[in-house]
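Residue-level listing of the chains:
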Amino acid sequence: MGKIIDFIAAKLRAYQEKDLKIFASSSFQTHSIPMLDLIGRYIPETPIVFLNTGFHFPETLMFRDQIADLLNLNIVNVESNISKIAQRDANNRFLFASDPDYCCYLNKTLPMDAMLVENDIWINGVRKDQSANRKNFEYEVKGPHNTLRFHPMLEWTSKMIWDYRQQHQLPEHPLEK
């Protein structure tokens with residue numbers, strides 16, 4: 001695991017040395033913790049965007065705060081400008097139930113766009129083993145608004161994440177216990 005950590009550390013430092021504007025995004029699930037730990041170790045001032053959709057379990061919000069304190073992270077809570085009460089369809093049903101794609105657009109895509117416009121590098125924790133589509137991802141890809149997406153966790157497996165967490169005594173999300 002040492003080689004992959006050295007690779008990630010070198011990439012993070014290289015972005016920083018080029019004076020690029022960097023941010024990361026995280027859902028604060030257990031599989032995110034190694035990436036957040038590495039960011040905290042190598043580029044601790046990096047903003048970590050948490051898309052607060054308004055639909056998270058309380059345990060996730062508490063875990064986000066616990067991890068932020070533990071790893072001394074710079075958390076930026078981002079949320080939609082559209083109130084939840086305004087997120088209803090013509091039949092007065094909430095969009096998360098009647099049109100989940102549009103709900104995600106309002107609560108994830110639009111708020112993230114603002115961050116992308118302001119930054120050069122977007123670090124996120126996607127992994128190849130998560131889906132058939134992600135299996136074809138590369139470490140660096142062009143992202144929206146002239147950003148570069150960096151996927152440091154791309155080759156990590158669940159076992160590697162577990163091993164890293166054990167080695168660094170990092171907790172798991174309370175709903176995953």
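Since we're looking at a predicted model, the values are computed, not measured.

Caption draft 1: Fine view of the layout of surface pockets. Estimated volume of the largest pocket: approximately 790 Å³. Around the largest pocket sit 33 residues that line it, and S25, S27, L51, K108 and M112 are the ones nearest its centre. When contributions to the lining of the largest pocket are tallied by element, the ones reaching two or more residues are β2 (47–51) and α5 (100–118). With 8 residues, α5 is the single largest residue contributor to the lining of the largest pocket. Considering only residue class, the lining of the largest pocket consists of 14 nonpolar, 15 polar and 4 charged.

Caption draft 2: View of the packing of helix α1 (residues 2–17) against helix α2 (residues 33–42). Two numbers describe how α1 lies on α2: the axes approach to 10 Å, and their chain directions differ by 50 degrees. In terms of axis orientation, α1 runs oblique to α2. Here α1 runs over α2; the crossing is right-handed. Taking contact as the criterion, the partners of I5, I8, A9, L12, R13 and Q16 in α1 are, on α2, L38, I39 and Y42. Taken together, the residues of the contact of α1 with α2 break down into 7 nonpolar, 1 polar and 1 charged.

Caption draft 3: Main features of unusual backbone geometry. Residue N72 is not a glycine yet carries a positive backbone phi of 55 degrees. Along the polypeptide, N72 turns up in the loop between α3 (58–71) and β3 (74–78). Phi at H145 is positive, roughly 60 degrees, even though this residue is not glycine. With respect to the helices and strands, H145 occurs in the loop between β5 (140–142) and β6 (148–150). On the basis of relative accessible area, H145 is assigned to the partly exposed category, the value being 41%.

Caption draft 4: How the structure looks around the packing of aromatic side chains. Taken as a whole and judged by the stated rule, the model has 9 aromatic pairs. Where Y15 meets F150, the ring centres are 5.5 Å apart and the plane angle is 75 degrees; that geometry is what we call edge-to-face. Pair noted here: Y15 is in helix α1 and F150 is in strand β6, with a separation of 135 residues, a long-range link. Of the two residues examined, Y15 and F150, each falls in the buried class. With 6.1 Å between their ring centres and 5 degrees between their planes, F23 and W122 make a pair best called stacked. Taken together, the positions of F23 in strand β1 (residues 22–25) and W122 in strand β4 (residues 121–123) put the pair 99 residues apart, joining distant regions of the chain.

Caption draft 5: Broad picture of the pairing of β2. Across the 5 residues that make up β2, a large majority, 4, are buried. Two elements, β1 and β2, share 2 bridges in a ladder whose sense is parallel. Note that in β2 the partner of S25 across the bridge is V49. Taking the sense of rotation as the criterion, the β-α-β connection linking β2, α3 and β3 turns out right-handed.

Caption draft 6: Examining a nonpolar patch on the surface more closely. A surface patch of nonpolar side chains, amounting to about 390 Å² of accessible area, comprises F55, I85, F94 and F96. By the secondary structure assignment, I85 is in the loop between β3 and α4 (95–98). Overall, I85 belongs to the exposed group, its relative accessible area being 58%.

Scoring rules and cut-offs
Residues numbered from 1 in each chain as written. Predicted model: local features only at pLDDT ≥ 70, side-chain atom pairs only at ≥ 80, totals over all residues. Heavy atoms only, no water. 1 Å grid on protein atoms, 1.4 Å probe; cavity = no way out; pocket = protein on both sides within 12 Å on 5 of 7 lines; lining within 4 Å. Points joined across faces, edges and corners; volume = space filled by probe spheres on them. Helix = DSSP H or I, 4+ residues; strand = E, 2+ residues; numbered from the N terminus. Nonpolar A, V, L, I, M, F, W, Y, C, P; charged D, E, K, R; others polar. Axes fitted to C-alpha atoms, helices over the stretch in contact; angles between N-to-C directions. Parallel < 35°, antiparallel > 145°, perpendicular 65-115°, else oblique. Left-handed = near helix turned anticlockwise from the far one by under 90°. Contact = heavy atoms within 4.5 Å. Buried < 20%, exposed > 50% of the residue type's maximum accessible area, 1.4 Å probe, protein only. Phe/Tyr/Trp six-rings, centres within 6.5 Å; stacked < 30°, edge-to-face > 60°. Pairing = 2+ DSSP bridges. Right-handed = clockwise from strand over helix to strand, strands pointing away. Patch = residues over 30% accessible without salt bridge, like charges linked within 9 Å, V, L, I, M, F, W, Y side chains within 5 Å. Areas by Shrake-Rupley, 256 points an atom, 1.4 Å probe, with all protein chains shown as cover. Salt bridge = Lys/Arg side-chain N within 4 Å of Asp/Glu carboxyl O.

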